[in-house]
Amino acid sequence: MSTIRGARERARIEVTAAIKDEARKQLAEEGAPKLSLRSVARELGMVSSALYRYFPSRDDLLTALIVDAFDAIGAAAERAAAEPAAGERAGVLPPAERWVAVSCAVREWALAHPHEYALVYGSPVPGYIAPMDTVGPAARVGLVLIDIVRGAYRAGDLTLPPLADELRADAERMAAEFAEGVPPEAVAALVAAWAQLFGLISFELFGQFNRVVEEREALFRQSAGELARSVGLRDAGTD
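Notes on the structure follow. (Residues numbered from 1 in each chain as written. Predicted model: local features only at pLDDT ≥ 70, side-chain atom pairs only at ≥ 80, totals over all residues. Heavy atoms only, no water.)

Packing of helix α6 (residues 114-121) against helix α10 (residues 184-205) leaves a shortest axis separation of 11 Å and a crossing angle of 130°. Classified by the angle their axes make, α6 and α10 are oblique. Regarding α6 and α10, the two cross each other, and that crossing is left-handed. Listed contacts from α10 to Pro 114, Tyr 117 and Tyr 121 of α6 are Phe 198, Ile 201, Ser 202 and Leu 205. (Axes fitted to C-alpha atoms, helices over the stretch in contact; angles between N-to-C directions. Helix = DSSP H or I, 4+ residues; strand = E, 2+ residues; numbered from the N terminus. Parallel < 35°, antiparallel > 145°, perpendicular 65-115°, else oblique. Left-handed = near helix turned anticlockwise from the far one by under 90°. Contact = heavy atoms within 4.5 Å.)

This part is about the packing of aromatic side chains. Summed over the entire model, instances satisfying the criterion amount to 7 aromatic pairs. Here Tyr 117 and Phe 206 contribute two aromatic rings whose centre-to-centre distance is 6.1 Å and whose plane-to-plane angle is 50°, an arrangement assigned as tilted. Linking Tyr 117 in helix α6 with Phe 206 in the loop between α10 and α11 (216-230), this pair joins segments that are 89 residues apart in sequence. On the basis of relative accessibility, which here comes to 37%, the residue Phe 206 falls in the partly exposed class. Residues Trp 194 and Phe 198 carry aromatic rings whose centres are separated by 6.4 Å and whose planes lie at 75° to one another, so their mutual orientation is edge-to-face. One end of the pair, Trp 194, and the other, Phe 198, are both in helix α10, 4 residues apart, so they sit about a helical turn from each other. Through successive ring pairs, a cluster of aromatic residues spans Phe 70, Tyr 117, Tyr 121, Trp 194, Phe 198 and Phe 206. (Phe/Tyr/Trp six-rings, centres within 6.5 Å; stacked < 30°, edge-to-face > 60°. Buried < 20%, exposed > 50% of the residue type's maximum accessible area, 1.4 Å probe, protein only.)

The next point concerns helix α9 (residues 165-178). Compared with the 20 Å implied by 1.5 Å per residue over 14 residues, the 21 Å span of α9 between its first and last C-alpha is a close match. Within α9, burial applies to Ala 171, Met 174 and Ala 175. (Expected span 1.5 Å × (residues − 1).)

The next thing to look at is helix α5 (residues 95-112). Under the 1.5 Å per step criterion, the end-to-end length of α5 is 26 Å for 18 residues, consistent within 8% with the ideal 26 Å. In terms of burial, α5 is largely enclosed, as 13 of its 18 residues are buried.

Taken together, Glu 108, Glu 214, Glu 215 and Glu 217 make up a surface patch of like negative charges. By the secondary structure assignment, Glu 214 is in the loop between α10 and α11. Given a relative accessible area of 67%, Glu 214 falls into the exposed group. (Patch = residues over 30% accessible without salt bridge, like charges linked within 9 Å, V, L, I, M, F, W, Y side chains within 5 Å. Areas by Shrake-Rupley, 256 points an atom, 1.4 Å probe, with all protein chains shown as cover. Salt bridge = Lys/Arg side-chain N within 4 Å of Asp/Glu carboxyl O. Lys, Arg positive; Asp, Glu negative; His and termini not counted. Charge placed at Lys NZ, Arg CZ, Asp CG, Glu CD.)

This paragraph deals with the nonpolar core. Counting residues in hydrophobic clusters, the biggest one holds 65 residues, and the most contacted among them are Leu 61, Trp 99, Val 102, Val 149 and Leu 233. With 12 residues, the top contributor of residues to this core is helix α4 (residues 58-82). (Core = buried A, V, L, I, M, F, W, Y, C linked by side-chain atoms within 4.5 Å.)

Applying the stated criterion to the full structure yields 13 salt bridges. Between Arg 24 and Asp 21 there is a salt bridge; the shortest N-O distance is 3.2 Å. Remark: Asp 21 and Arg 24 occur in helix α1 (residues 2-30); sequence separation between them is 3 residues, near one turn of the helix. Note that Asp 157 and Arg 234 form a salt bridge whose closest N and O atoms lie 3.2 Å from each other. Taken as a pair, Asp 157 in the loop between α8 (140-154) and α9 and Arg 234 in the segment after α11 lie far apart in primary sequence, 77 residues in all. Given a relative accessible area of 23%, Asp 157 falls into the partly exposed group.

Okay, the environment of Met 174 next. With respect to the element layout, Met 174 can be found in helix α9. Taking the relative accessible area as the measure of exposure, Met 174 reaches 13% and is therefore buried. Considered as a pair, Met 174 and Ile 19 are 155 residues apart in the sequence and their alpha carbons are 38 Å apart. Excluding residues within four positions of it along the chain, Met 174 makes contact with Ala 179, Val 187, Ala 188 and Val 191.

Quick look at the packing of α10 against α11 now. Closest axis-to-axis distance for the α10/α11 pair is 9 Å, and the angle between their directions is 175°. The orientation of α10 relative to α11 falls into the category roughly antiparallel. Along the contact surface, α10 presents Ala 189, Ala 193, Gln 196, Leu 197, Leu 200, Ile 201 and Glu 204, while α11 presents Arg 216, Phe 220, Ser 223, Leu 227 and Ser 230. Its residues placed into classes, the contact of α10 with α11 shows 7 nonpolar, 3 polar and 2 charged. (Nonpolar A, V, L, I, M, F, W, Y, C, P; charged D, E, K, R; others polar.)

Right, let's talk about the environment of Val 47 for a bit. Within the secondary structure, Val 47 sits in the loop between α2 (37-44) and α3 (48-51). Its relative accessible area of 54% is what places Val 47 among the exposed residues. Residues Val 47 and Pro 94 lie 47 residues apart in sequence; the distance between their C-alpha atoms is 54 Å.

Right, here's the structure in full:
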């Protein structure tokens, strides 16, 4: 009996993966607003009623694709944050360098998966409201950046950026809600840097840098370093 159950589970996993792959193909060709379960079923040679057993609605399929995209970009950020420094005495990269490494990993993932990036960071899909299932995966990159700043603060290696008086209450709330152990000054700067990081990636990916910036990787790396400094992370070797 367990053998039959196992075979069924494997078959379900394979069919689910095939559905997602076809949906991603259609995202690339038609865009998210035109995605439909019927078109996916047709391309896979399935009847619509069979596909509904895997994804009851288009929004359920979109949610699965969104969660997958957020998880993939989050995993790329987490791997970059954990990457050791090169050399005979390899260790964890200094905080500012880890920030840049994470930023570059996020950019590389976005350039390699432009349509999935557009699904989660581009224009909202008309009529779609993201459920709470997407919140945790969406937070993964931000949590990596928060962890870098938190570690630097605990090590006494963070220079607190200025904080406007009118922002303090909001920054204290944000620190309590999702950045425990990070001072409010750094939290406010983190939110701004997070937005600028994805703004840089979106400008490049969606064509706003065309005929403006040629050396885009160099610009991004320099900008990522500036964002690291804006949240108080010190360059290696600075006091």
